[in-house]
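# Structural characterization, general
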Amino acid sequence: MSKQKLFTIRNLQRNNFSLILSGGSSLGLAHIGTIKFLEENKLHPSEIIGTSMGGIIGALYSIGNTSETIQQKLKNLRTHDLFEIKYLQGRVDYKKAKILLKNLFQNKKIQDTKISLKIVATKLKDGEEKIFTKKDNIKIYDAILASIAIPGVLHIKKIKGEVYIDGGVSSNLPIEAAKRKNIKLAINVLNKKRGNYYYKNPKNNFIKNVKTKFEIIRRSLRYHILNQTKVKISQTKKLILIEPNLKKFNPFKLINHKKIIRTGYLETKKYFDNAEKIKRKVKRKKSKTPIEKIMDFPIKETKKILKDIKKLK
């Protein structure tokens, strides 16, 4: 990754910035920690862009929820509150997720948000990224259902005749959807490879066969996301990249929410503390006293000046 310029809190206070929240199942709860940091420092994004879990949390924030109310609404969730594994059918049913999202967002549309909202999904017909905005005139929970439809596992989502699957397939960290002139504050929770996977042949055990299939799909999607995101980050300017270390947490278990949120908060704080520290160092170097300037003056330049003075004499 090319070296990025560091931005301070003051930079975000004086300039428009986009808040970009990646997908990552329960690891996406770390986004709540970043939102908490923004609230403490009175920082307000001009737009929010999210994929999958990033879309859920970003949408909750965009309609006026605080980090605290978002945490309250999501803290008691368990995997079985969202998805039900249908082993005999070889799929995961997410009717419960639909009910939950409808309860969270009611009939609010994307154009009803207090902060401009963009939610990312993927067109099944060609794999192209789809960025849902207020122009699409659709309900928030419909856009989110499209953004979380993991291919091969969850049902596809059909909106206005177009079929969509998980946004992570085309853009798990949708930096490119941000306004070009904005500073881009991007939180990437899927940023490190987990332990190596060793395939075990399930033989004729049907249940183990289905579980193995889900694991291979999940791993394949994660590898794709890591490679796709790496390239994108290297090509983005005006980027603040926050990558909390969440390797010890299981993305498919909605537990440890407090620890995940805190990790997101501390990683965000660490970035801005470091940016401020470096800025102060640079400022001190620029504002040297006359004596310090003389002390730092190059010896070669001094000799040259002395020679010129002798010539004048």
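Everything that follows concerns the structure shown earlier in this document.
About the thresholds
- Residues numbered from 1 in each chain as written.
- Predicted model: local features only at pLDDT ≥ 70, side-chain atom pairs only at ≥ 80, totals over all residues.
- Heavy atoms only, no water.
- Salt bridge = Lys/Arg side-chain N within 4 Å of Asp/Glu carboxyl O.
- Helix = DSSP H or I, 4+ residues; strand = E, 2+ residues; numbered from the N terminus.
- Buried < 20%, exposed > 50% of the residue type's maximum accessible area, 1.4 Å probe, protein only.
- Pairing = 2+ DSSP bridges.
- Phe/Tyr/Trp six-rings, centres within 6.5 Å; stacked < 30°, edge-to-face > 60°.
- Right-handed = clockwise from strand over helix to strand, strands pointing away.

### What about the pattern of salt bridges?
Inspection of the entire model under this criterion finds 6 salt bridges. With its nearest N and O atoms 3.1 Å apart, the salt bridge here joins E176 to K232. Taken together, the positions of E176 in the loop between α8 (168-171) and β9 (183-187) and K232 in helix α9 (residues 206-234) put the pair 56 residues apart, joining distant regions of the chain. Two residues, D273 and K269, come together in a salt bridge whose shortest N-O distance is 2.8 Å. Of this pair, D273 and K269 both sit in helix α10 (residues 257-286), 4 residues apart, roughly one helical turn. Owing to a relative accessible area of 32%, K269 belongs among the partly exposed residues under this scheme.

### Some words on the pairing of strand β5 (residues 116-123)
Across the 8 residues that make up β5, a large majority, 6, are buried. Sheet topology places strand β2 (residues 47-51) next to β5; 5 bridges connect them, and they run parallel. Paired with G50 across the two strands is I119, which belongs to β5. Note: β5 against strand β6 (residues 129-132), 4 bridges, orientation antiparallel. Its bridge partner being in β6, A121 is matched across the sheet by K130. Turn length for the β5-β6 hairpin, with the two strands adjacent in sequence and antiparallel, is 5 residues, and the turn residue G127 shows positive phi of about 75°. The pairing of β5 with strand β8 (residues 162-165) spans 2 bridges and is classified as antiparallel. Following the sheet pairing, T122 is matched in β8 by I165.

### Some details on helix α7 (residues 140-147)
Counting buried positions over the 8 residues of α7 gives 8, a clear majority of the element. Taken as a whole, α7 has its buried residues at I140, Y141, D142, A143, I144, L145, A146 and S147.

### Considering the packing of aromatic side chains
Applying the stated criterion to the full structure yields 4 aromatic pairs. Taking 6.1 Å as the distance between ring centres and 65° as the angle between the ring planes, the aromatic pair formed by F37 and Y265 counts as edge-to-face. Of the two residues, F37 sits in helix α2 (residues 30-40) while Y265 sits in helix α10, which places them 228 residues apart along the sequence. Judged on exposure class, the residue F37 and its partner Y265 are both buried. Each residue in the set F37, Y265, Y271 and F272 is aromatic and connected to the rest through ring pairs, giving one cluster.

### Re the pairing of β2
In terms of burial, β2 is largely enclosed, as 5 of its 5 residues are buried. As judged from the 4 bridges shared by strand β1 (residues 17-21) and β2, these two strands associate in the parallel manner. Bridge assignment links L21 to a residue of β2, and that residue is G50. Regarding topology, α2 serves as the crossover connection from β1 to the parallel β2, and that connection is right-handed.

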